Amino acid sequence: MSPAGAGQGSKGSRSGSSGARRRSGGARGARGAQGAGRAKGVRGSRESGDSRSAVKPPLLIRAVLRWSRAVNYPRREFTGARRWIPTRVQAISGAFIGAGGFFILTALWLQVLPVPRPNTMAAAQLSRIEWNDGTSMAAVGIANRSSVALSDMPVALRAAVIAAEDRGFYDHAGFSIRGISRALFSNVTGGPTEGGSTITQQYAKNAYLSHDRTITRKIRELFLAVKLETRVNKDQILQDYLNTIWFGRDSYGVEQAALSYFAVPVQQLTISQSALLAAVVRAPALYDPQRHPERLQKRWNYVLDSMVQMRTLRADVRTGLKFPSVIEQARQQRYAGPRGHVLMAVQRELLRDGFSRREIDLGGLQVRTTLDERVQRSLERTIKDRGPRANMKGVRIGAIAVRPGTGEVAAMYGGADYLSNQLNNATDAIGQAGSVFKPFALAAALEKGIGLQSTWNGNSGAQYGTYRVRNFGGESFGRTTLLNGTIHSVNTVYVGVTQRIGAAAVVDAAVRAGVPQDTPSLQPVLSVPLGTCSPHALDMANAYATFAAHGVRATPSLISEVRNAKGRVIWKHKVQTTRAFSREVADTVTSALQRVVWYGTGAAANRAGRDVAGKTGTTNENKAAWFVGYTPSLAAAVMFTKEDARAIWNELVSLGFVR
C-alpha cells in the first residue's frame, strides 16, 4: 500500500470512529468515539477490581516520598551502605527539622499534660489544738508540717535557700541546662553526686512524684517543672517548696524546722539560723548538727558566701556572723502526761462532730477549744500537790470543770499520764456516785411541794419496807429538817423523801439535770438518792452546772470552733440549752448546797473564799469518793475510784474530801 493510501486509510479509520461516537448517543461527541471507548474501558476495569490499577498511598506517605526525592535521601547515586550516609547539608537540615519537630511535640505535650494533685504527705499538715484564747496548746496529726505564707518567712531565709539550692531560680523556666550539665559532669568524673534539679523540679518531685531514681521519673519531673512554671508564679512555687521540703528532725517545712532546730517560729529566725536551715536542705542526715557539726559548718559557710556573691548579703554583715547553736533534738511524746487525755478527748469530739480521721491527721485543722489554760494548769497543779499519795495502786482520779449555761468544758484531768493508761477518768471512767446524787432527790421533792423545813426521820437504822437504812458512822439525828438532812448528808432522810415522792421522780430529775439515762445502775429504787448508780465525772459536773445556771441544762462541749488550713471557719459550736427546772427550784437547791459547804460535809471547799455550793459523796466499802460543786461561773466534779476497798480512806478524810 502506498503512503498516500495508508494516510487515507487512517483518515477513514478516524472517520469511522467519529461515526461510532455519534452512534453512542453524543455523550462525549467532542472527544471522539475511540477516546470514549478507552475511557469507558478504564472505568470498567477499575470497577471490576483490575489488579493492575494501583491505589494511591496516604497523603503523609506521599509527602515523605516527595521530600526524600527532593533531598535525594537515601542517595540514589550510591548503592549499599553509602546510600544512607547523608551529606553535610542533609545532616544539618535533618537536625534542624528533628529539633523543630521535637520542640513542637514537646510544646503540644506541655499543653495537654495535666498537673496532678499533690500527694498526701506533701499536702499534709498538723492540726493545731488551741486554748480558748487562741494560743497554741499542741499539734496533732501524722505529718509534722505547718504551712506559713512566704511573706511571714524572713527575707534572709528565702535568699539563703536560693543561694544554696538554685541561684537562677527567678531567671529559668523550671530547669537549668547549666545545672544539669554540671551534675552530669560531676557524676561522670566521679565527683560528689549531684541532681542538677532546680527548686521547681525539687518541689515537683516532693509534691507530685515519687523519689525513685529512674530516668522516667526524672523526665516527668523535668516536664512537670516546666508545666508548673507556666501555671504558678515563682513566689508561690518558692512558698510551697519551703513548706514541704524535708529538714530532718521529723520536720517538714520551714516552720517546723525552725521550732525543731532553734525552738522559735520561722518569723524569728536570724540570718545565721536561716543559713543553717538552708545548708541542711541538701541532705539533712549528711549535715546533722549533732552527728556532723564540722560538715554542717562548712556547708553553712558556703551558703553565706553564696549569698554575698549574689548580693543578697553584705560582706561586712557576713563577716560578723557566728555559727548558731542548735538545740538538742526533742524526743518528747506529744501525748505524755495529763495533756494527752485532753488532746485525745478533743479529737474524739471532732469525730463525733463529723470530722474524719484523715482531716484530723492530715488536714491542718485549727481547733479552738473551750479549755482555759489558767484553769487547766490550776487543776493539774492542785491534784498533783494536794491529791492523795498513800495506797494509790489502782486509784483513778478524774476531774472536770464546766461553765454553767453554755456547757463549755474549762478544764479536764483524765489521769496522770495518757501513755501509761489511756482510759480518761473524767469522761470514760465511772464511779459509784454516793451522796452527790442527793441533790436530784432534793430538786424532785421541791417540785412536789416539799420544802427545806419539812421534817423527816434522821435516825440511823430506820426501816422503809424491807430496806433498813444506815447513816454514815451510824450517827442519828432524830426528827430533822430536809435542809439539815442535806447539810449532814443523812441517808435516812433522803430515803424517806424518795419513798414519799417515788424513786422514778428522782431518776427523772437526774436525767433532766444532765445524767444520761443509760448510766449504769440508774434504776428507780429506794436507794437511788444514795448514789447506787455509776456516772462519769463529766456527767455530774454538767448536772450540777444546771443548778448553777438557775435550772437551764446545756450540752457539754470541748470545742468552740474549727477552721481549715486557710483559716476559714468551717464549724462552730452552737450552745444547746433546755429548761430542766424552774429557777425557784434550782436556786433553792443551790441555797441548800451552799450550806453544805458552810456548815456540813463539804466544809473543805469553803477555803476557796467564794460562794461555793457543793456536795460530797462516798460509797459502801469506800470504793469511790466525790466532791461536786459550783460557783455562778464554774461547776466542777472530782472523782476518786478504786476497786480495792482499802483504798485511800484516811487520806481523803484528812484532806476534807469526804465524810
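Counting restarts for each chain, with residues numbered from 1 along the sequence as it is written. Side-chain atom pairs in this predicted model are given and counted only at pLDDT of 80 or more, local residue features only at pLDDT of at least 70, and totals for whole chains, interfaces and linings cover all residues. Working from all heavy atoms in the structure, the side-chain values ignore hydrogens and water.

Side note on the overall build of the chain
Counting its regular elements, the chain contains 24 helices and 16 strands. Burial classification: accessible surface area is computed with a 1.4 Å probe over protein chains only, and a residue below 20% of its type maximum counts as buried, one above 50% as exposed, and the rest as partly exposed. Among the 659 residues that make up the chain, the fraction classed as buried is 47%. Contacts between residues were defined by any pair of non-hydrogen atoms, one from each residue, lying within 4.5 Å. Sequence-distant contacts, at least 24 apart, represent 65% of the contacts inside the chain between residues at least 6 apart. To measure how exposed things are, a 1.4 Å probe is used in the Shrake-Rupley method; for residues, cover is taken only from the protein chains shown. For the chain, the accessible area works out to roughly 33,900 Å², and carbon and sulfur atoms hold 53% of it. A run of H or I in DSSP counts as a helix once it spans at least four residues, and a run of E counts as a strand once it spans at least two, with each numbered from the N terminus.

Points about the packing of helix α6 (residues 155-165) against helix α10 (residues 234-244)
Working note: a packed helix pair is described by the angle between its axes plus the distance between those axes. Across the interface, α6 lies against α10 with an axial gap of 12 Å and an inter-helix angle of 85 degrees. If you check the angle between α6 and α10, you find them roughly perpendicular. The residues of α10 that touch α6, namely those facing Arg 158, Val 161, Ile 162 and Glu 165, are Leu 238, Tyr 241 and Leu 242. In this classification, Asp, Glu, Lys and Arg are treated as charged, Ala, Val, Leu, Ile, Met, Phe, Trp, Tyr, Cys and Pro as nonpolar, and every other residue, Gly included, as polar. Considered class by class, the residues forming the contact of α6 with α10 number five nonpolar, no polar and two charged. Axis definition: a line fitted to C-alpha atoms, limited for helices to the stretch in contact. Angles are taken between N-to-C directions and run from 0 to 180 degrees. When an angle is under 35 degrees it counts as roughly parallel; over 145 it counts as roughly antiparallel; between 65 and 115 it counts as roughly perpendicular; any other value is oblique.

Points about the environment of Asp 171
You can see Asp 171 is positioned in the loop between α6 and α7 (177-188). Counting along the chain gives 63 residues from Asp 171 to Lys 234, while the straight-line C-alpha distance between them is 9.6 Å.

Quick word on the side chain of Arg 318
Of note, Arg 318 is situated in helix α14 (residues 315-319). N or O atoms closer than or at 3.5 Å make up a polar contact, with two conditions inside protein: a donor-capable atom paired with an acceptor-capable one, and, for residues adjacent in sequence, both atoms drawn from side chains. One polar contact links Arg 318 to Asn 301, side chain to side chain, over a distance of 3.0 Å.

Quick word on the sheet that holds strand β5 (residues 409-413)
Note on pairing: two strands pair once DSSP finds at least 2 bridges between them. Reading across the sheet, the five strands line up as β5-β4-β16-β15-β14 and stay open at both edges, with antiparallel pairing between neighbours. Here the strands that pair on one side only, and so sit at the sheet edges, are β5 and β14 (613-618). Looking at each pair of strands side by side, their axes are set apart by 5 degrees on average, direction ignored. For strand β4 (residues 396-402) and strand β16 (residues 635-641), the ladder comprises seven bridges, and the chain directions are antiparallel. Counted as the bridge partner of Gly 398 is Met 639 from β16. Across the sheet, helix α23 (residues 583-599) is in contact with β14 and β15 (624-630); its angle to β14 comes to roughly 65 degrees.

A short note on helix α17 (residues 373-386)
A helix's residues, less one, multiplied by 1.5 Å, set its expected span. For α17, built from 14 residues, the straight-helix expectation of 20 Å at 1.5 Å per residue is met to within 8% by its first-to-last C-alpha distance of 20 Å. Structurally, α17 contributes buried residues whose contacts are with α15 (339-352), β4 and β5. The N-cap residue of α17 is Asp 372: its side-chain oxygen and the backbone nitrogen of Arg 374 are 2.9 Å apart.

Quick look at the packing of aromatic side chains
For any pair of aromatic rings, the description consists of the separation of the ring centres together with the inter-plane angle of the planes. Whether two aromatic rings pair depends on their centres lying within 6.5 Å, for rings of Phe, Tyr and Trp, where Trp uses its six-membered ring; planes under 30 degrees apart make the pair stacked, over 60 edge-to-face, and the rest tilted. Under the criterion given, the structure shown has 12 aromatic pairs. Look at Phe 169 and Tyr 170: their rings are 4.9 Å apart centre to centre, the planes differ by 80 degrees, and that puts the pair in the edge-to-face class. Note on Tyr 170: relative accessible area 42%, which makes it partly exposed. Their ring planes at 45 degrees and their centres at 5.9 Å tell us that Tyr 335 and Tyr 418 sit as a pair that is tilted. With a gap of 83 residues between them, Tyr 335 in the loop between α14 and α15 and Tyr 418 in the loop between β5 and α18 (438-447) connect regions that are remote in the sequence. When its relative accessible area of 18% is taken as the criterion, Tyr 335 is described as buried.

Some thoughts on the pattern of salt bridges
Salt bridges are defined by distance alone: a side-chain nitrogen of Lys or Arg within 4 Å of a carboxyl oxygen of Asp or Glu. Applying the stated criterion across every chain yields a total of 16 salt bridges. A salt bridge links Glu 373 to Arg 377; the shortest N-O distance between them is 2.6 Å. With Glu 373 and Arg 377 both in helix α17, this residue pair falls four residues apart, about one helical turn. Across the salt bridge formed by Arg 512 and Asp 508, the nearest N and O atoms sit 2.8 Å from each other. With Arg 512 and Asp 508 both in helix α21 (residues 503-513) and four residues apart, the pair spans about one turn of that helix. You can call Asp 508 partly exposed: its relative accessible area is 37%. Residues participating in the shared-partner salt-bridge network are Glu 130, Arg 368, Glu 561, Arg 563 and Lys 572.

Things to note about the nonpolar core
In this structure, Phe 437, Phe 440 and Met 540 are the most contacted members of the largest nonpolar core, which totals 84 residues. Residue contributions to this core peak at nine residues, all from helix α22 (residues 537-548). Once residues lying within four places of it in the same chain are set aside, the contact partners of Phe 437 are Ala 510, Val 515, Leu 522, Val 528, Pro 529, Gly 531, Cys 533 and Met 540. Remark: nonpolar core denotes a set of buried residues (Ala, Val, Leu, Ile, Met, Phe, Trp, Tyr, Cys) joined through side-chain atoms within 4.5 Å. Counting residues in hydrophobic clusters, the runner-up holds 45 residues, among them Met 153, Leu 157, Ala 159 and Tyr 287.

Some words on the confidence of the model for the chain
Of the residues in the chain, 76% have a pLDDT of 70 or more, and the chain-wide mean is 81. As a per-residue measure, pLDDT tells how confident the predictor is, with possible values from 0 to 100. Segment residues 187-195: pLDDT under 50, and 10 contacts once partners within four positions in sequence are set aside and those in other chains are kept. Every residue in residues 209-213 scores below 50 in pLDDT, and together they form 12 contacts with partners more than four places removed in sequence or on other chains.

What about the sheet that holds strand β11 (residues 559-563)?
Spatial strand order, β2-β1-β3-β11-β12: five strands in an open sheet with mixed pairing. Of all strands in the sheet, those with a lone pairing partner are β2 (136-140) and β12 (569-572), marking the two edges. Adjacent strand axes in the sheet meet at a mean angle of 20 degrees, parallel and antiparallel pairs treated alike. Relative to strand β3 (residues 366-369), strand β1 (residues 127-130) runs parallel, the two sharing three bridges. Residue pairing across strands places Glu 130 opposite Arg 368, the latter belonging to β3. Running at roughly 70 degrees to β2, α15 makes contact with β1, β2, β3 and β11 of the sheet.

Comments concerning the packing of α6 against helix α12 (residues 271-281)
The interhelical angle for the contact between α6 and α12, taken along N-to-C directions, is 35 degrees, at an axis separation of 8 Å. Helix-helix and strand crossings are classified by hand; for α6 and α12 the assignment is right-handed. Contact residues: α6 offers Ala 156, Leu 157, Ala 160, Val 161, Ala 164 and Glu 165, while α12 offers Ile 271, Ser 274, Ala 275, Leu 277, Ala 278 and Val 281. Residues belonging to the contact of α6 with α12 are distributed by class as follows: 10 nonpolar, one polar and one charged. A crossing counts as left-handed when the near helix is turned anticlockwise from the far one by less than a right angle, and as right-handed when that turn is clockwise.

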